[in-house]
Amino acid sequence: MNRLLKIAQDNDIPIVDMRLRGKEEALSESCGGYCIIAIDRKKVRSLKDYKVKAAHELGHCITDSFYDAACPVIPRGRCERRAEKWAVRNTVSHRALNAALKDGMTAVWELSEHFGVTEEFMIKVLKYYNLWNGE
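About the criteria used
Residues numbered from 1 in each chain as written. Predicted model: local features only at pLDDT ≥ 70, side-chain atom pairs only at ≥ 80, totals over all residues. Heavy atoms only, no water. Helix = DSSP H or I, 4+ residues; strand = E, 2+ residues; numbered from the N terminus. Buried < 20%, exposed > 50% of the residue type's maximum accessible area, 1.4 Å probe, protein only. Contact = heavy atoms within 4.5 Å. Phe/Tyr/Trp six-rings, centres within 6.5 Å; stacked < 30°, edge-to-face > 60°. Pairing = 2+ DSSP bridges. Axes fitted to C-alpha atoms, helices over the stretch in contact; angles between N-to-C directions. Disulfide = S-S within 2.5 Å. Polar contact = N/O pair within 3.5 Å; in protein donor to acceptor, adjacent residues only side chain to side chain.

Details of the overall build of the chain
Within the chain, the secondary structure is distributed over six helices and three strands. Walking the chain from its N terminus toward its C terminus, one meets helices and strands in the order α-β-β-β-α-α-α-α-α. Along the three orthogonal principal directions, the C-alpha set of the chain runs to about 45 × 30 × 30 Å. By the burial criterion, 37% of the 135 residues in the chain qualify as buried. Residue pairs in contact within the chain that sit at least 24 positions apart in sequence constitute 50% of those at least 6 positions apart.

Quick look at the packing of aromatic side chains
In this structure the tally under the stated criterion is one aromatic pair. Judged by centre distance (5.0 Å) and plane angle (80°), the ring pair of Tyr128 and Tyr129 falls under edge-to-face. By relative accessible area, Tyr129 is classed as buried at 14%.

Looking at the sheet that holds strand β3 (residues 34-39)
Reading across from one edge, β1-β3-β2 is the order of the three strands in this open sheet, with mixed pairing throughout. Among the strands making up the open sheet, the edge pair consists of β1 (15-17) and β2 (26-31). With direction set aside, neighbouring strand axes in the sheet form an average angle of 25°. Summarising the sheet, β2 and β3 pair through six bridges and their orientation is antiparallel.

Notes on the state of the cysteines
In protein chemistry, a disulfide is the covalent bond that joins the sulfur atoms of two cysteines. If you walk through the whole model with that rule in mind, you get one disulfide. With its sulfur 1.9 Å from that of its partner, Cys35 forms a disulfide with Cys61. On the sign convention where negative is left-handed, the bridge of Cys35 and Cys61, at about -50° about the S-S bond, is left-handed. Here Cys61 lies in helix α2 (residues 47-63) and Cys35 lies in strand β3, a separation of 26 residues in the sequence. No difference in accessibility class separates Cys35 from Cys61, as the two residues are buried. There is no disulfide at Cys31, and the cysteine sulfur nearest it, in Cys35, is 10 Å away. Look at Cys31 and you get exposed, because its relative accessible area is 62%.

Here's the deal with the side chain of Asp49
In this structure, Asp49 sits in helix α2. For Asp49, a relative accessible area of 2% translates into the label buried. Here the side chain of Asp49 touches Arg45 through a polar contact of 3.0 Å, landing on its backbone nitrogen. Asp49 has contacts with Glu25, Val44 and Thr118, leaving out every residue within four places of it along the chain.

Nothing here speaks to function; it is geometry throughout.
Printed below as a string of structure tokens:
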């Protein structure tokens, strides 16, 4: 988490606690070259969940992957994939994952604990690095 906070700080991207309406737990907005991330701590399930949401939203900011639901020119899916790829690469590096696997951590829950991310996100990491066997 500290690495993500440093990236946010180095890029002048504040991460603020903000009450969000509806189902949104986290969001990022860009305006005039500035980006801000809002996370509703009351809706976040755990520190791992917070870390995953912060990484994903930071991915939107760093890759400038924003979309407007009213404008079909920039597809939402493409922006979400870019943000998620950034989050994966900057939360669990391929090198660190390989080291954990060599140390005998093979269960999703073990890897999740080791890297401090949710199990759902760890599955995305394994899929991204083509290491997911579906078990």
